[in-house]
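A closer look at the structure
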Amino acid sequence: MQDYLEATRGLELAKSVHLEADVDEPYMLGETKYILSLADQDNPLTGVVACCRPEKATFKAYLDEIVGHPRLKGLRRILHTQPDELSETPLFAQNVRLLENYGLSFDICVLARQLPLAIRLVKECPGVSFILDHCGVPQVKEKHLDPWRAYIREVAKFSNVACKVSGVVAYADHERWTSEDLRPFVEHVIECFGWDRVMFGSDWPVCTQAASFKQWVEALMFITRDASEADRAKLFHDNAEGVYRLA
């Protein structure tokens, strides 16, 4: 937490949400309980998105062990490091649908080429609130806009999906990236999702492969400098408070 507070010094941080770190399965419960204990202390941590394994029959039992803490806001199963078929089973969607009963959201982290998997999951879980992480993980360094653009346009049609503007700096050229390299990816997700369904994400500390927390904030501020103050407030504050139910 001290490292995080140092990284965000001077940025007028209001609240933060911790996204799980994809620990090995035996440590999932321990990580979740530890982060929830941090959220009980005096710091900006207001929401926690816990790790999970919806592909397992033990998912509901695990869920029942962690629900009830007011700071628990959602769950995530990182998919961009996993075989495509992991999220394609009927059990995976069935377990994700359970989140609606608990008032919890689901963060989707997939590669650009896996976005059709995300679209399929969203279709199968219409009552669940989804957050697409890292702009759908486009190939920023390679400047590959297609077919990513079409996939983003498709997933944005679902009103129960918001998009986190994060991660793009980590997928850019770590040594030579510029704000203009990131611009087409950021602007496309904002165009498709609209200002009411996009929100800033730091991707810290992963972003430090290419930029400090502050440098990433400054880059996004520069990219959106022509937007209204009301729209920037939605991007950097309001939408996250709504989607993650932080009020």
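Residues numbered from 1 in each chain as written. Predicted model: local features only at pLDDT ≥ 70, side-chain atom pairs only at ≥ 80, totals over all residues. Heavy atoms only, no water.

**Looking at the overall build of the protein**
Regarding its fold elements, the protein presents ten helices and seven strands. For the protein, whose C-alpha radius of gyration is 17 Å, the value lies close to the compact-globule estimate of 18 Å for 247 residues. Reported as C-alpha extents along the three principal axes, the dimensions of the protein are approximately 45 × 45 × 35 Å. Relative to its 247 residues, the protein shows a buried fraction of 51%. Nonlocal contacts in the protein, meaning residues at least 24 apart in sequence, comprise 79% of its contacts between residues at least 6 apart. Just so you have it, the protein exposes about 11500 Å², and 51% of that area is on carbon and sulfur atoms. Distance between charge centres in the protein, computed from 28 positive and 37 negative side chains, equals 3 Å. (Helix = DSSP H or I, 4+ residues; strand = E, 2+ residues; numbered from the N terminus. Rg over C-alpha atoms; globule rule 2.2 N^0.38 Å. Buried < 20%, exposed > 50% of the residue type's maximum accessible area, 1.4 Å probe, protein only. Contact = heavy atoms within 4.5 Å. Areas by Shrake-Rupley, 256 points an atom, 1.4 Å probe, with all protein chains shown as cover. Lys, Arg positive; Asp, Glu negative; His and termini not counted. Charge placed at Lys NZ, Arg CZ, Asp CG, Glu CD.)

**Comments concerning the packing of aromatic side chains**
Following the criterion strictly, the structure yields eight aromatic pairs and no others. Between phenylalanine 106 and phenylalanine 130 the ring centres are 6.2 Å apart and the planes differ by 85°, which places this aromatic pair in the edge-to-face class. You can see phenylalanine 106 sitting in strand S4 (residues 105–109) and its partner phenylalanine 130 sitting in strand S5 (residues 130–132), a full 24 residues away along the chain. Taken together, the ring pairs in this structure connect Tyr4, Phe200, Trp204, Phe213, Trp216 and Phe236 into an aromatic cluster. Across the ring face of phenylalanine 222, the terminal group of arginine 225 is positioned such that the distance to the ring centre comes to 4.2 Å. (Phe/Tyr/Trp six-rings, centres within 6.5 Å; stacked < 30°, edge-to-face > 60°. Lys NZ or Arg CZ within 6 Å of the ring centre and 35° of its normal.)

**Observations concerning the environment of arginine 149**
With respect to the helices, strands and loops of the structure, arginine 149 is situated in helix H7 (residues 148–155). Through-space distance from the C-alpha of arginine 149 to that of serine 202 is 22 Å; in sequence the pair is 53 residues apart. A polar side-chain atom of arginine 149 sits 2.8 Å from a polar atom in the side chain of aspartate 146. (Polar contact = N/O pair within 3.5 Å; in protein donor to acceptor, adjacent residues only side chain to side chain.)

**What to know about H7**
Within the span of H7, buried status applies to Trp148, Ile152 and Val155. The arc enclosing the buried residues of H7, seen along the axis, measures out at 70°, which places them on a common side. (Arc of directions from axis to C-beta.)

**Section: the packing of H7 against helix H8 (residues 179–193)**
H8 packs onto H7 with a crossing angle of 30° between their chain directions and a minimal axis gap of 9 Å. With respect to each other, H7 and H8 are oriented roughly parallel. Crossing angle aside, the handedness with which H7 passes H8 is right-handed. In this structure, H7 uses Trp148, Arg149, Ile152, Arg153 and Val155 to contact H8, whose residues at the interface are Phe185, His188, Val189, Cys192 and Phe193. Within the contact of H7 with H8, the residues separate by chemical class into seven nonpolar, one polar and two charged. (Axes fitted to C-alpha atoms, helices over the stretch in contact; angles between N-to-C directions. Parallel < 35°, antiparallel > 145°, perpendicular 65-115°, else oblique. Left-handed = near helix turned anticlockwise from the far one by under 90°. Nonpolar A, V, L, I, M, F, W, Y, C, P; charged D, E, K, R; others polar.)

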